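One letter stands for each residue in the lines below.
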Amino acid sequence: MKDISIKVPVTEARVDELTPAEQELVSLARRAYLRSYAPYSHFHVGAAILLDNGEIVTGSNQENAAYPSGTCAERTAAFYAHSTYPEARFKAIAIAARGTDGEEIELPVAPCGACRQVLLEYEKLAEADVKVILVGRDRVYILPSVRSTLPLAFSEF
Ligand code: THU
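Predicted, not measured: the structure shown is a model, and the values here were computed from it. (Residues numbered from 1 in each chain as written. Predicted model: local features only at pLDDT ≥ 70, side-chain atom pairs only at ≥ 80, totals over all residues. Heavy atoms only, no water.)

Let us now look at the site of the ligand. Every residue near the ligand is listed here: Ser41, Phe43, Val45, Asn61, Glu63, Cys72, Ala73, Glu74, Ala110, Pro111 and Cys112. Between the ligand and the protein, one listed contact pairs an oxygen atom with a side-chain N or O atom of Asn61 at 2.9 Å. Between the ligand and Ala73 there is a distance of 2.9 Å, counted from an oxygen atom to a backbone nitrogen or oxygen. Protein contacts shield 76% of the accessible area of the ligand, which totals 380 Å² for the unbound molecule. (Near = heavy atom within 4 Å. Polar contact = N/O pair within 3.5 Å; in protein donor to acceptor, adjacent residues only side chain to side chain. Areas by Shrake-Rupley, 256 points an atom, 1.4 Å probe, with all protein chains shown as cover.)

Structure follows, in structure tokens:
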């Protein structure tokens, strides 16, 4: 027997330390949560995905009276991006959220497990790392890939 530990690389930064393209992605994710439909949780999430064709696709969580029928911001954006631009590959994603107090959440928001698995699918399709930027009120966490958000991920290929 042996113990194995898996390290997750995370860089903490201020938004003004990001590249202009990354800053743009963060501000589009922040704008996207304003368009979320979250009358049940009052937790508004926005996601912005940069594609290799230069397009940026955004999405927000869309809730439903039948709770499980709602969808997270990341999946709204990812499915819209790949159904609109099936040839394009994901390059980066930024995720931001406003909490039930109406303020942007202090700690960078992290995607749920299902969204990590969905994003991993598109990272594999891209055959390149998709940078993940988790946005908080005055700092961001940057992860180099979706894979790093989901250690021991299920994978068929
Ligand atoms: N939510 C997201 O949009 N993304 C996540 O990664 C986690 C949760 C949404 C789902 C639901 O509408 C609300 O946040 C509260 O869970």
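And the narrative resumes.
It is worth spelling out the sheet that holds strand β3 (residues 56-60) at this point. Read from one edge to the other, the open sheet built from six strands follows the order β1-β6-β5-β4-β2-β3, with strand pairing classed as mixed. Each edge of the sheet is formed by a strand with only one pairing partner; in this case those strands are β1 (11-13) and β3. Put simply, the sheet's adjacent strands are angled 20° from each other on average, direction ignored. Sheet analysis places strand β4 (residues 90-98) next to strand β5 (residues 131-135), joined by four bridges and oriented parallel. Bridged to Ala94 within β5 is Ile133. Relative to the sheet, helix α1 (residues 20-33) contacts β2 (44-51), β3, β4 and β5, its axis offset from that of β2 by approximately 145°. (Pairing = 2+ DSSP bridges. Helix = DSSP H or I, 4+ residues; strand = E, 2+ residues; numbered from the N terminus. Axes fitted to C-alpha atoms, helices over the stretch in contact; angles between N-to-C directions. Contact = heavy atoms within 4.5 Å.)

Now for helix α3 (residues 113-126). Relative to the 20 Å expected for 14 residues at 1.5 Å per residue, α3 spans 20 Å between its end C-alpha atoms, a close match to the ideal helical length. Where α3 is concerned, the buried positions are Cys115, Val118, Leu119, Leu120, Tyr122, Glu123 and Ala126. In the core, the buried residues of α3 are packed alongside α2 (73-84) and β4. Of the residues one or two after α3, Glu127 is the one with positive phi, at around 50°. (Expected span 1.5 Å × (residues − 1). Buried < 20%, exposed > 50% of the residue type's maximum accessible area, 1.4 Å probe, protein only.)

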